[in-house]
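Residue-level listing of the chains:
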Amino acid sequence: MVRTIAKDHGEKREAILKTAATFFAENGFDRASMSQLASECGISKALIYHYYASKEVLLYDIIHTHLKDLVEAVEAVEPVDDPKTHLRNLVHAILTQYRDADAEHKLQLEATKVLPQSDQDTLADLQRQLVVTFSTVIKSVSPDYFENRQETLRPVTMSLFGMLNWFYMWYRRGKGMTRPQYADLATDLLLGGIKGLEEQ
């Protein structure tokens, strides 16, 4: 007999993903066990394995879900005629999506390498989608410059991701800049940098 899916299957999966992301990020993926995670979730080890066959499968689902949410958030940004405004809106969208996802983001940056190569390739494809979206808009900010200096487009794009990806390391909610203020600052720094490149 085929086992039917419980009505709350999706909710339980999401709860496990969120708890597991925090637990793995705080304790280290390599050191954390499924038994410890089950205890942290307040469920049995058997139930964890009902949802996920292994710790690596669970890690993949955490990171894949995180990246898919980022891609969807960026794709939901409506294009506008002014490329600088479009870029600013993209930066705001991705930093907003990072909210409450520090653990998932940390695992993406630090633990992806433990996954099978095929899983790493799938995750890399999602990351490439983000890079292509941003690089396309960045190129439209200064099409003549990037047409003549094509080798600079990727470094400029990845420099922006460098500012955004490490935001979680130092940001503390309620202290200093707000998330939207930093989104504007990062955008201004990039646009100012492009302007400086144009003037060289």
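Values in this document were obtained by computation on a predicted structure and should not be read as measured data.

Student: Describe the overall build of the protein, with residues and values.
Tutor: The number of helices and strands found in the protein is 11 helices and zero strands. Along the chain direction, N to C, the helices and strands of the protein fall in the order α-α-α-α-α-α-α-α-α-α-α. With the C-alpha coordinates aligned to their principal axes, the bounding extent of the protein is approximately 65 × 40 × 30 Å. A buried classification covers 40% of the 200 residues belonging to the protein.

Student: Could you give me a rundown of the packing of aromatic side chains, with the residues and numbers involved?
Tutor: Enumeration according to the criterion identifies nine aromatic pairs in this entry. Measuring from centroid to centroid gives 5.0 Å for Phe 134 and Phe 161, while their planes differ by 65°, and the two rings are edge-to-face. Taken together, the residues Phe 134 in helix H7 (residues 117-141) and Phe 161 in helix H9 (residues 153-165) connect sequence positions 27 residues apart. A single burial state applies to Phe 134 and to Phe 161, both of which are buried. Geometrically, the ring pair formed by Trp 170 and Tyr 182 is edge-to-face, given 5.1 Å between the ring centres and 75° between the ring planes. Of this pair, Trp 170 sits in helix H10 (residues 167-170) while Tyr 182 is found in helix H11 (residues 179-199), placing the two residues 12 residues apart along the sequence. Under the relative-accessibility criterion, Trp 170 is labelled partly exposed at 47%. An aromatic cluster is present here, built from Phe 167, Trp 170, Tyr 171 and Tyr 182 joined pairwise through their rings.

Student: Any chance you could break down the side chain of Thr 152 for me, citing the residues and the numbers?
Tutor: Along the chain, Thr 152 turns up in the loop between helix H8 (143-148) and H9. Classification of Thr 152 by relative accessible area gives buried; the value is 12%. If we ignore the near neighbours within four places in the chain, the residues touching Thr 152 are Tyr 145 and Phe 146.

Student: Tell me about the nonpolar core, and name the residues and values.
Tutor: Phe 24 and Leu 58 are the most contacted members of the largest nonpolar core, which has 59 residues in total. At nine residues, the largest contribution of residues to this core is made by helix H4 (residues 55-75). For Phe 24, the residues in contact, after removing those within four places along its chain, are Phe 29, Ala 32, Leu 37, Lys 55, Leu 58, Ile 62 and Leu 107.

Student: Go over the confidence of the model for the protein with me, naming the residues and quoting the values.
Tutor: The share of residues in the protein with pLDDT of 70 or more is 96%, and the mean pLDDT across the chain is 91. Per-element mean pLDDT across the protein ranges from 85 in H10 up to 97 in H7. Counting contacts from residues 1-7, a segment whose pLDDT is below 50, to residues more than four positions away or on other chains yields one contact.

Student: Help me get a handle on the side chain of His 105, residues and values and all.
Tutor: Topologically, His 105 is positioned in helix H6 (residues 102-111). The exposure class of His 105 is buried, given its relative accessible area of 2%. In this structure, His 105 is in contact with His 66, Tyr 98, Asn 165 and Tyr 168, ignoring residues within four places of it in sequence.

Student: Could you give me a rundown of the environment of Glu 14, with the residues and numbers involved?
Tutor: You can see Glu 14 is positioned in helix H1 (residues 9-27). C-alpha separation for the pair Glu 14 and Phe 134, spaced 120 residues apart in sequence, amounts to 29 Å.

Student: Describe the packing of H4 against helix H5 (residues 83-98), listing the residues and the values that go with them.
Tutor: In a packed pair of helices, the relevant descriptors are the angle between the two axes and the axis-to-axis distance. One way to put it is that H4 packs onto H5 with a least axis distance of 9 Å and a crossing angle of 150°. As judged from the angle between their axes, H4 and H5 are roughly antiparallel. Crossing angle aside, the handedness with which H4 passes H5 is right-handed. Residues His 66, Asp 69, Leu 70, Ala 73 and Val 74 of H4 form the contact with H5, whose own contacting residues are Leu 90, Ala 93, Ile 94, Gln 97 and Tyr 98. Here the residues of the contact of H4 with H5 sort into seven nonpolar, two polar and one charged.

Student: Any details on the packing of H9 against H11? Residues and values, ideally.
Tutor: Packing of H9 against H11 leaves a shortest axis separation of 10 Å and a crossing angle of 155°. In terms of their interaxial angle, H9 and H11 are classed as roughly antiparallel. The hand of the H9/H11 crossing is right-handed. Contacts between H9 and H11 pair Val 156, Leu 160, Met 163 and Leu 164 from the former with Tyr 182, Ala 186, Leu 189, Leu 190, Ile 194 and Leu 197 from the latter.

What counts, and at which threshold
Residues numbered from 1 in each chain as written. Predicted model: local features only at pLDDT ≥ 70, side-chain atom pairs only at ≥ 80, totals over all residues. Heavy atoms only, no water. Helix = DSSP H or I, 4+ residues; strand = E, 2+ residues; numbered from the N terminus. Buried < 20%, exposed > 50% of the residue type's maximum accessible area, 1.4 Å probe, protein only. Phe/Tyr/Trp six-rings, centres within 6.5 Å; stacked < 30°, edge-to-face > 60°. Contact = heavy atoms within 4.5 Å. Core = buried A, V, L, I, M, F, W, Y, C linked by side-chain atoms within 4.5 Å. pLDDT = per-residue confidence, 0-100. Axes fitted to C-alpha atoms, helices over the stretch in contact; angles between N-to-C directions. Parallel < 35°, antiparallel > 145°, perpendicular 65-115°, else oblique. Left-handed = near helix turned anticlockwise from the far one by under 90°. Nonpolar A, V, L, I, M, F, W, Y, C, P; charged D, E, K, R; others polar.

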